[in-house]
Protein chains: 2
Amino acid sequence: MRKIAFQGESGAFSEEAALKLLGSVELLPCVSFDSMFEAVKSGECDGCIAPIENSLAGSVHANYDLLLQHDFYIIGEIFLRIVHNLIALPGVSFEQVRKVYSHPVALAQCRKFCREFRHLEQVSEYDTAGSVKMLRDQGLRDGAAIASIRAATVYGASVLRTEIEDNKENYTRFLLLSRDAKPQPSANKTSIVFSTRNEPGMLFRCLAAFALRDIDLTKLESRPLHGKPWEYFFYVDFIGNVEDPNCKNALRHLEEMTTFLRILGSYPSAETR
Amino acid sequence: MRKIAFQGESGAFSEEAALKLLGSVELLPCVSFDSMFEAVKSGECDGCIAPIENSLAGSVHANYDLLLQHDFYIIGEIFLRIVHNLIALPGVSFEQVRKVYSHPVALAQCRKFCREFRHLEQVSEYDTAGSVKMLRDQGLRDGAAIASIRAATVYGASVLRTEIEDNKENYTRFLLLSRDAKPQPSANKTSIVFSTRNEPGMLFRCLAAFALRDIDLTKLESRPLHGKPWEYFFYVDFIGNVEDPNCKNALRHLEEMTTFLRILGSYPSAETR
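One structure accompanies this document, and this report is about it. Just so you know, these numbers come straight off a predicted model, no measurement behind them.

Criteria and cut-off values
Residues numbered from 1 in each chain as written. Chains lettered and ligands numbered in written order. Predicted model: local features only at pLDDT ≥ 70, side-chain atom pairs only at ≥ 80, totals over all residues. Heavy atoms only, no water. Helix = DSSP H or I, 4+ residues; strand = E, 2+ residues; numbered from the N terminus. Buried < 20%, exposed > 50% of the residue type's maximum accessible area, 1.4 Å probe, protein only. Contact = heavy atoms within 4.5 Å. Areas by Shrake-Rupley, 256 points an atom, 1.4 Å probe, with all protein chains shown as cover. Lys, Arg positive; Asp, Glu negative; His and termini not counted. Charge placed at Lys NZ, Arg CZ, Asp CG, Glu CD. Buried area = accessible area lost by both parts, 1.4 Å probe. Salt bridge = Lys/Arg side-chain N within 4 Å of Asp/Glu carboxyl O. Polar contact = N/O pair within 3.5 Å; in protein donor to acceptor, adjacent residues only side chain to side chain. Axes fitted to C-alpha atoms, helices over the stretch in contact; angles between N-to-C directions. Left-handed = near helix turned anticlockwise from the far one by under 90°. Nonpolar A, V, L, I, M, F, W, Y, C, P; charged D, E, K, R; others polar. Pairing = 2+ DSSP bridges. Patch = residues over 30% accessible without salt bridge, like charges linked within 9 Å, V, L, I, M, F, W, Y side chains within 5 Å. Least-squares fit on C-alpha atoms with pLDDT ≥ 70 in both. Parallel < 35°, antiparallel > 145°, perpendicular 65-115°, else oblique. Disulfide = S-S within 2.5 Å. Phe/Tyr/Trp six-rings, centres within 6.5 Å; stacked < 30°, edge-to-face > 60°. Lys NZ or Arg CZ within 6 Å of the ring centre and 35° of its normal.

### Digging into the overall build of chain A
Okay, so step 1: Tallying secondary structure elements over chain A gives nine helices and 15 strands in all.
Okay, so step 2: Seen through its principal axes, chain A has C-alpha atoms that stretch 65 × 40 × 35 Å.
Okay, so step 3: Expressed as a percentage of its 273 residues, the buried residues of chain A come to 56%.
Okay, so step 4: Sequence-distant contacts, at least 24 apart, represent 74% of the contacts inside chain A between residues at least 6 apart.
Okay, so step 5: About 11,500 Å² of surface is accessible on chain A, with carbon and sulfur atoms providing 50% of the total.
Okay, so step 6: Distance between charge centres in chain A, computed from 31 positive and 35 negative side chains, equals 2 Å.

### Regarding the interface of chain A and chain B
Okay, so step 1: With 32 residues of chain A in contact, the opposing surface of chain B contributes 32 residues.
Okay, so step 2: Carbon and sulfur atoms supply 65% of the area buried between chain A and chain B, which totals about 2,800 Å² over both sides.
Okay, so step 3: Applying the counting criterion to the chain A and chain B interface returns zero salt bridges.
Okay, so step 4: Applying the counting rule to chain A against chain B returns eight residue pairs in polar contact (both at pLDDT 80 or more).
Okay, so step 5: Residue assignment for the side of chain A that touches chain B shows that the elements contributing at least two residues are β3 (47-54), β11 (171-178), α8 (202-211) and β13 (217-224) of chain A.
Okay, so step 6: Ranked by residues supplied to the side of chain A that touches chain B, first place goes to β13 of chain A with seven residues.

### Some remarks on the packing of α8 of chain A against helix α8 (residues 202-211) of chain B
Okay, so step 1: Contact geometry for α8 of chain A and α8 of chain B: axes closest at 10 Å, N-to-C directions at 145°. As α8 of chain A runs across α8 of chain B, the sense of the crossing is left-handed. Contacts between α8 of chain A and α8 of chain B involve Leu203, Phe204, Leu207, Ala208 and Ala211 of chain A from the former and Leu203, Phe204, Leu207, Ala208 and Ala211 of chain B from the latter.
Okay, so step 2: Of the residues that constitute the contact of α8 of chain A with α8 of chain B, the class distribution is 10 nonpolar, no polar and no charged.

### Concerning the pairing of strand β9 (residues 143-147) of chain B
Residues and elements named next belong to chain B.
Okay, so step 1: The buried count for β9 comes to five of five residues, which makes it a mostly enclosed element.
Okay, so step 2: Burial of β9 is two-sided: the residues Gly143, Ala145 and Ala147 facing one way and the residues Ala144 and Ile146 facing the other way are all buried.
Okay, so step 3: One ladder, built from three bridges, connects strand β6 (residues 85-88) with β9; its direction is antiparallel. Its bridge partner lying in β9, Ile87 is registered against Ala145.

### Quick word on a positive patch on the surface
Okay, so step 1: On the surface, Arg111, Lys112, Arg115 and Arg118 of chain A cluster together to form a positively charged patch.
Okay, so step 2: Following the sequence through the fold, Arg115 of chain A ends up in helix α5 (residues 111-116).

### Focus on the side chain of Arg223 of chain B
Okay, so step 1: Mapped onto the secondary structure, Arg223 of chain B falls in strand β13 (residues 217-224).
Okay, so step 2: Under the relative-accessibility criterion, Arg223 of chain B is labelled buried at 4%.
Okay, so step 3: Side-chain polar atoms of Arg223 of chain B contact the side chain of Asp65 of chain B, separated by 2.7 Å.
Okay, so step 4: Residue contacts for Arg223 of chain B: discarding those within four places in its chain leaves Leu56, Ala57 and Gly58 of chain A together with His61, Tyr64, Asp65, Glu231, Tyr232, Phe233 and Tyr235 of chain B.

### What about the sheet that holds strand β10 (residues 158-161) of chain B?
Within a sheet, neighbouring strands are paired by backbone hydrogen bonds and run either parallel or antiparallel to one another.
Residue and element names in this part refer to chain B.
Okay, so step 1: Taken in spatial order, the five strands of this open sheet run β8-β7-β9-β6-β10, and their pairing is mixed. Two strands bound the open sheet, and with one partner strand each, they are β8 (121-124) and β10. On average, each strand axis in the sheet is tilted by 35° relative to the strand beside it, whichever way the strands run.
Okay, so step 2: Of the pairings in the sheet, the one linking strand β7 (residues 99-102) to β8 comprises four bridges and is parallel in character. Bridging from a neighbouring strand, Val100 pairs with Gln122 of β8.
Okay, so step 3: Each of β6, β7 and β9 is contacted by helix α6 (residues 128-138), which is oriented at about 155° to β9, the strand it contacts most.

### Considering the relation of the copies chain A and chain B
Okay, so step 1: The transform that puts chain A on chain B rotates by 180° and translates by 0.0 Å along the axis, for an RMSD of 0.0 Å. These values place the two chain copies in the arrangement generated by a two-fold rotation axis. Rotation axis and chain A: the residue whose C-alpha lies nearest the axis is Phe204 of chain A, separated from it by 3.2 Å.
Okay, so step 2: When the interface residues of chain A are mapped onto chain B, 100% of them again lie at the interface, so the same face is used by both copies.

### Remarks on the packing of helix α2 (residues 33-41) of chain B against helix α3 (residues 61-69) of chain B
Residue and element names in this part refer to chain B.
Okay, so step 1: Put simply, α2 and α3 touch, their axes get as near as 10 Å, and they point 30° apart. Accordingly, the angle class assigned to the pair α2 and α3 is roughly parallel. Viewed along their axes, α2 and α3 form a crossing whose handedness is right-handed. In this structure, α2 contributes Phe33, Asp34, Met36 and Phe37 to the contact, and α3 contributes Ala62, Asn63, Leu66 and Leu67.
Okay, so step 2: When its residues are assigned to classes, the contact of α2 with α3 shows six nonpolar, one polar and one charged.

### Points about the state of the cysteines
Residues and elements named next belong to chain A.
Okay, so step 1: One pass over the full model with this rule turns up zero disulfides over all chains.
Okay, so step 2: As a non-bridged cysteine, Cys45 has Cys30 as the owner of its nearest cysteine sulfur, 6.3 Å distant.
Okay, so step 3: Residue Cys45 is classed as buried on the basis of its relative accessible area, which comes to 0%.
Okay, so step 4: The cysteine Cys247 is free of any disulfide, with Cys206 supplying the nearest cysteine sulfur at 16 Å.

### Here we look at the packing of aromatic side chains
Okay, so step 1: Taken as a whole, this structure holds 21 aromatic pairs over all chains when the rule is applied.
Okay, so step 2: Taking the centre distance of 4.7 Å and the plane angle of 70° together, the rings of Tyr64 of chain B and Tyr235 of chain B count as edge-to-face. Remark: Tyr235 of chain B occurs in strand β14 (residues 232-239) and Tyr64 of chain B occurs in helix α3; sequence separation between them is 171 residues. Here Tyr64 of chain B and Tyr235 of chain B have matching classes, each one buried.
Okay, so step 3: Note on Tyr232 of chain B and Phe234 of chain B: the rings are 6.4 Å apart at their centroids and 50° apart in plane angle, and the pair reads as tilted. The pair Tyr232 of chain B / Phe234 of chain B is uniform in exposure class, with both members buried.
Okay, so step 4: Following the ring pairs from residue to residue traces out a cluster consisting of Phe94, Phe113 and Phe117 of chain A.
Okay, so step 5: The aromatic ring of Phe94 of chain A is capped on one face by Arg161 of chain A, whose charged end is 4.0 Å from the ring centroid.

### Side note on the pattern of salt bridges
All names here are of chain A.
Okay, so step 1: Under the definition given, this model contains 38 salt bridges over all chains.
Okay, so step 2: A salt bridge links Arg150 to Glu15; the shortest N-O distance between them is 2.8 Å. Linking Arg150 in helix α7 (residues 149-154) with Glu15 in helix α1 (residues 13-22), this pair joins segments that are 135 residues apart in sequence.
Okay, so step 3: With relative accessibility at 26%, the residue Arg150 sits in the partly exposed group.
Okay, so step 4: Residue Glu15 is classed as buried on the basis of its relative accessible area, which comes to 6%.
Okay, so step 5: A salt bridge links Lys219 to Glu221, with the shortest nitrogen-to-oxygen separation between them at 3.1 Å. Taken individually, Lys219 and Glu221 each receive the classification buried, so the pair is uniform in this respect.
Okay, so step 6: Connected via shared salt-bridge partners are Glu77, Arg173, Lys189 and Asp237.

If you want it as structure tokens, here you go:
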């Protein structure tokens, strides 16, 4: 991979995930998930790194929907522990801070900290690292941002408090997407999406294709099927390489019951890296 | 029900849903879902009306999580068709409008309209009806809001364009929650939430409790189990009264496989009203 798009400013958790997964690689910051997918579609980037689920906040539905709208391939995944830090400009002390800037999800994940220091006004921003950048660009000395250590380094800011998140079991799963399919001989995890006829027991019968073959599902997510209220696309992750005979049989069995089935990718699971 | 809390300003879709479901009832507008649940917990209101899913945008996860955090009962549901309108102060013509204010989900659901009139600047607000209120309170004559017809009526504003949403199959499902359990003899739908041991095939075996008894599931939603990354609470809606022997057997069977099981409510389904 030559160049990878990510959502957020330099110093974002997504950027950290890309570097951890790929080592050194050229990176393109994007303002939104939409523009990140567009950067891959247009050929400006070869792939992108998409947060798909956080262990506390849940699935990132915008990216599930974008996966379906684009013909990209999942070629890898990585889990990143999310550690939130209070970051200010160099020389600013904790006592000087009056406002705390960050993404609403990050603010919500530091609720205990914000309750302890009630005099701090919380201000929602579009991005965690972007909040640190804003402190620097505007020279704000009465504010601090909640972001990663990496964001502090990138913008030459100081870390006033570390690990201020409520729950330490805070991980985000990122998918590495590529415009071109790549052979993945070490793949041991597969992601698919399907829809079924709307009949009683259909989901149960679809899951039977896996359960009857002892294939372990790691995730099941449903998203609305637009134009058919209360019908769904089901996104399933399972353990196995799409080329394994057992998995091939399961997918052939599943196909008998689906009105739509797409393999999103087969890739090495993060646990085995 | 004496007094019902809803999220949003007067004129919100939630308020419309409450009136459609309950006829005339006293209503309390709340700034957030959290404060809406608090108004019921504190006894200020007897119940609240919570949007739980939109047929295009998907589940309202904040409310799924709040359902679990509070011991309230689902005693009813209603579907409301969401029609978006362009609304301005009286006497303002379409040609005068330069900015369009609304909730980000409403703006996203009127993408074709916004693309057709590219000169209109989109501005995100916290609420649809609240955007109309803002036009009135600030006397803005170069702006318009995207909101319900009801919001136009409530704030004495004019409808410039109607049905500007991209997709007409736009419905929101609302749940009516009560602090006190109420006998629901006409109940024919039940909502539950459960978690299981993290073993291969567990979800399949849980769904078997229903499939083996021909009980139709209408919704399956998963939410993170905090503190146990990549384990889930499963929310299931099924057709049937919780007191039916068949449903009782299914729940007893399900209980054998769950580490947690709670019945959120058994109520008359919206389809049969």
